[in-house]
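Coordinate inspection notes
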Amino acid sequence: MTDYIVPLLLFGVCAAALYKKEHPYSLLIDGASEGLKLLVTLIPTLILLMTAVTMLRASGAVEIITKFLSPVFTFFGIPPETAILVLLRPISGSAALAVGIELMAEHGVNSPVGRTVAVMLGSTETTFYTISVYFGAAGIQKTRYAIPAALVADLTGFFMAALTVRLFF
Amino acid sequence: MIIDWIFTGIVLLALLGAILTGKGGELAAAVPKGAQAGVTLALSLAGSICLWTGVGKVMEKVGFTSFLSRLLRPFLRKIFPSTKSDPVLSGHLSANICANFLGLGNAATPMGILAAQRLAGRRKDGIASHELCRLVVLNTASIQLIPATVAAARVSLGCNTPFDILPAVWVTSLCSAGMGLTAAFLLGKVWKK
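Keep in mind that what you see is a predicted model, and the values were worked out from it rather than measured. (Residues numbered from 1 in each chain as written. Chains lettered and ligands numbered in written order. Predicted model: local features only at pLDDT ≥ 70, side-chain atom pairs only at ≥ 80, totals over all residues. Heavy atoms only, no water.)

Looking now at the interface of chain A and chain B. At the junction of the two partners, chain A supplies 87 residues and chain B supplies 93 residues. Buried area between chain A and chain B, summed over both chains or domains, comes out near 7800 Å², and the portion from carbon and sulfur atoms is 80%. Sorting the residues of chain A by area buried against chain B places Tyr134, Arg144 and Tyr145 of chain A first, and these three jointly supply 11% of that buried surface. Put simply, chain A and chain B have two salt bridges between them. When the shortest N-O distance is used, the salt bridge between Arg115 of chain A and Asp164 of chain B registers 2.7 Å. Taken together, the elements giving at least two residues each to the side of chain A that touches chain B come down to α1 (5–19), α2 (24–58), α3 (61–75), α5 (93–107), α6 (112–123), α7 (127–138) and α8 (146–168) of chain A. Top contributing element to the side of chain A that touches chain B by residue count: α2 of chain A, with 25 residues. (Contact = heavy atoms within 4.5 Å. Buried area = accessible area lost by both parts, 1.4 Å probe. Salt bridge = Lys/Arg side-chain N within 4 Å of Asp/Glu carboxyl O. Helix = DSSP H or I, 4+ residues; strand = E, 2+ residues; numbered from the N terminus.)

As structure tokens, this is what we get:
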């Protein structure tokens, strides 16, 4: 069933565009070149963060952190292997992506850990970055309860990612 | 910038970890290996990211966005009561939520910022209003139809069914946004200045 979501979506948007007398192909090209611009800004970031993250994983520091946090994660039913991702996710999107890819490669993309990592990456945001951009632009100094509420959302996301992977697969 | 501290912090942690575990050799080898992995990763993500920003663009053009914002109107009025009297704000907010939904992060942020500035303009004391806090919470809990980057990453690792995680991603992000907003409502009742 889920196999058809993406091909159908691709066909659906093209058919809808034709129906509206738009040009789906040139729109796709427009969008793709915007995506390429995004990618160009992403490449240097990924190179540097992958270097840092690969160093972190080679050093054995991740094992130490994971071991330390493991009881808390096990209590909530979250695979302790994801500890480092959970710590980095709210702070840096690219670092979380780099760590997530390392974890998926190590444990297997279709393993429970690999899937949990993917769901975590797909359903959460870089909380602190978002908060600083929005409040910065709006000239807000007193953020009141925004940070705790956003962290509640993040923690729910991490917990639910592990739970849904256990239930759905 | 916070990323400076994160990068330096990660390198320091790696150094301390290697000294503790005696993995100096592995650490040194990881430096060029990691940089190379960054290039490989970026290239393997290229196809999917470009394709999905393209699809997002078509969806926007065929009016999917305005369809979504009609669906969203009752929800917006509940969470952001000011939208009842401010159609411009309502437009910014629904554009922000829709762009997030379609995975167009680059379009979502400017719209969200416009909405945030309009909300902040109502009071000039630099204190976040309830509605502004809710806007930020909503944006930190991403609700996405197609998490393209993650799917691309899974493909690059040899996964044949990169989208089998979609239902799990949808349920998870709805729960986290719901819990975040609930927390914001509850905290808003008890929080002092």
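There's more to say after this.
Next up on the list: the packing of aromatic side chains. Residue and element names in this part refer to chain A. Summed over the entire model, instances satisfying the criterion amount to four aromatic pairs over all chains. Taken together, a centroid distance of 5.1 Å and an interplanar angle of 90 degrees make the contact between Phe75 and Phe76 edge-to-face. The class for Phe75 is exposed, based on a relative accessible area of 67%. Here Phe76 falls in the partly exposed class, since its relative accessible area comes to 43%. Sitting over the ring of Phe169, Arg115 keeps its end group 3.9 Å from the ring centre. (Phe/Tyr/Trp six-rings, centres within 6.5 Å; stacked < 30°, edge-to-face > 60°. Buried < 20%, exposed > 50% of the residue type's maximum accessible area, 1.4 Å probe, protein only. Lys NZ or Arg CZ within 6 Å of the ring centre and 35° of its normal.)

Tracing the sequence through the fold places Val169 of chain B in helix α8 (residues 166–190). Those residues within four positions of Val169 of chain B in sequence are excluded, and the remaining contacts are Val119, Gly122 and Ser123 of chain A together with Pro147 of chain B.

Taken residue by residue, chain B gives an average pLDDT of 87. The fraction at 70 or more is 95%. Taken element by element, the predicted model of chain B shows its lowest mean pLDDT in helix α5 (residues 105–120) of chain B (83) and its highest in α8 of chain B (94). (pLDDT = per-residue confidence, 0-100.)

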